[in-house]
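# Chains, contacts and geometry: an overview
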Amino acid sequence: VLSSKVMQTDDTPVGVLDRSLSRTRTGRIWTYVGDRDHPATVYDYTPNRSRDGPVKFLKTFNGKLQADAYSGYETLYESETQDVTETGCWAHARRKFYDATSSDVVRSMVMLGYIRLLYDVEGEAKERNLNPDGRLALRQVKSVPILNDIKAYLERERPNVLPKSPEAQAISYVLSNWDALLRYSEDGNLEIDNNGAERSLRGIAVGRENWLFFGSDNGGRTAAILTSFITAYKRLQINPFTYIRDVFDRIGAHRVNRLDDLLPNRWKAA
């Protein structure tokens with residue numbers, strides 16, 4: 001996944017048992033989704049939402065990172081030793097305006113309509129089964145004019161909303177992250193949002209309703225590793241029992257410097 005040129009990431013809270021407290025505390029599961037040439041989804045666990053988690057995990061990554069506007073990623077974007085490009089998510093932007101409909105329905109509905117038009121272009125690209133170059137060309141013709149209209153509309157309306165209102169926060173989110181939100185229209189390999197990463201966390205979100213919490217930080221890390229493997233099996237359409245049985249049969253005599261050959265994607269290719 002770290003070899004990807006485009007990566008999506010997101011995180012979700014999880015309960016963690018802490019025997020020094022009378023209640024569980026909140027840990028974090030992070031997901032990192034590779035591009036089409038590196039079809040891997042890797043999970044990581046951290047005891048909190050500190051920026052140290054993604055910064056440590058992504059310390060060798062160079063490419064476009066698609067995520068929400070979490071400030072913890074800024075260290076990566078500003079790094080002098082890495083080349084990480086911030087890429088925004090229009091699903092997060094849409095959510096801001098949806099939440100603002102209760103206080104400013106007119107402006108919010110205008111923006112939801114604009115964003116719907118952007119997604120219609122993505123739907124057309126999917127229906128036509130366009131490759132990255134074709135998708136980029138379509139976006140340049142159809143999406144860029146819509147994006148220009150969105151920016152002009154928000155700049156015109158920003159002085160007309162209360163500074164601390166939900167609508168003002170939504171407008172500020174889009175304009176302050178404009179370059180990152182515009183980036184998908186400049187690269188056909190990028191998605192319009194990081195919903196792929198959000199979908200990869202759905203199992204965690206559903207699961208925690210059943211298992212409720214991790215027993216410890218070590219339990220969280222173990223769960224992240226096992227979930228990474230299970231997700232790899234699904235993405236690569238590998239039978240888990242067949243893979244694990246074969247690896248266990250071979251690993252005792254396998255060369256230590258060739259262990260990467262037993263990773264799910266390389267195992268399937270061989």
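Our subject is the structure that appears above.
If you're wondering where the values come from, they're calculated on a predicted model, not measured in any experiment.

### Quick notes on the packing of helix 4 (residues 105-127) against helix 5 (residues 132-157)
Each packed pair of helices is defined by two parameters, the angle between the axes and the distance between the axes. Across the interface, helix 4 lies against helix 5 with an axial gap of 9 Å and an inter-helix angle of 175°. In terms of orientation, helix 4 lies roughly antiparallel with respect to helix 5. Contacts from Arg107, Val110, Met111, Tyr114, Leu117, Leu118, Val121, Glu122, Glu124 and Ala125 in helix 4 reach Arg135, Leu138, Arg139, Lys142, Ser143, Ile146, Leu147, Asp149, Ile150, Tyr153, Leu154 and Glu157 in helix 5. Grouping the constituent residues of the contact of helix 4 with helix 5 by class yields 13 nonpolar, one polar and eight charged.

### Some details on the packing of aromatic side chains
By the definition in use, this model includes ten aromatic pairs. Judged by centre distance (5.3 Å) and plane angle (55°), the ring pair of tyrosine 233 and tyrosine 243 falls under tilted. Within this pair, whereas tyrosine 233 is found in helix 10 (residues 217-236), its partner tyrosine 243 is found in helix 11 (residues 240-251), the two being separated by ten residues in sequence. Accessibility classification places tyrosine 233 together with tyrosine 243 in one group, the buried group. Here tyrosine 243 and tryptophan 267 contribute two aromatic rings whose centre-to-centre distance is 5.2 Å and whose plane-to-plane angle is 85°, an arrangement assigned as edge-to-face. In this pair, tyrosine 243 sits in helix 11 while tryptophan 267 sits in helix 12 (residues 264-269), placing the two residues 24 residues apart along the sequence. Looking at tyrosine 243, the relative accessible area reads 5%, which means it is buried. According to the relative accessible area criterion, tryptophan 267 is buried, its value standing at 18%. Members of the aromatic cluster, each reached through a chain of ring pairs, are Phe229, Tyr233, Tyr243 and Trp267. Positioned above the aromatic ring of tyrosine 70 is the side chain of arginine 49, whose terminal nitrogen or guanidinium carbon lies 4.1 Å from the ring centre.

Calculation notes
Residues numbered from 1 in each chain as written. Predicted model: local features only at pLDDT ≥ 70, side-chain atom pairs only at ≥ 80, totals over all residues. Heavy atoms only, no water. Axes fitted to C-alpha atoms, helices over the stretch in contact; angles between N-to-C directions. Helix = DSSP H or I, 4+ residues; strand = E, 2+ residues; numbered from the N terminus. Parallel < 35°, antiparallel > 145°, perpendicular 65-115°, else oblique. Contact = heavy atoms within 4.5 Å. Nonpolar A, V, L, I, M, F, W, Y, C, P; charged D, E, K, R; others polar. Phe/Tyr/Trp six-rings, centres within 6.5 Å; stacked < 30°, edge-to-face > 60°. Buried < 20%, exposed > 50% of the residue type's maximum accessible area, 1.4 Å probe, protein only. Lys NZ or Arg CZ within 6 Å of the ring centre and 35° of its normal.

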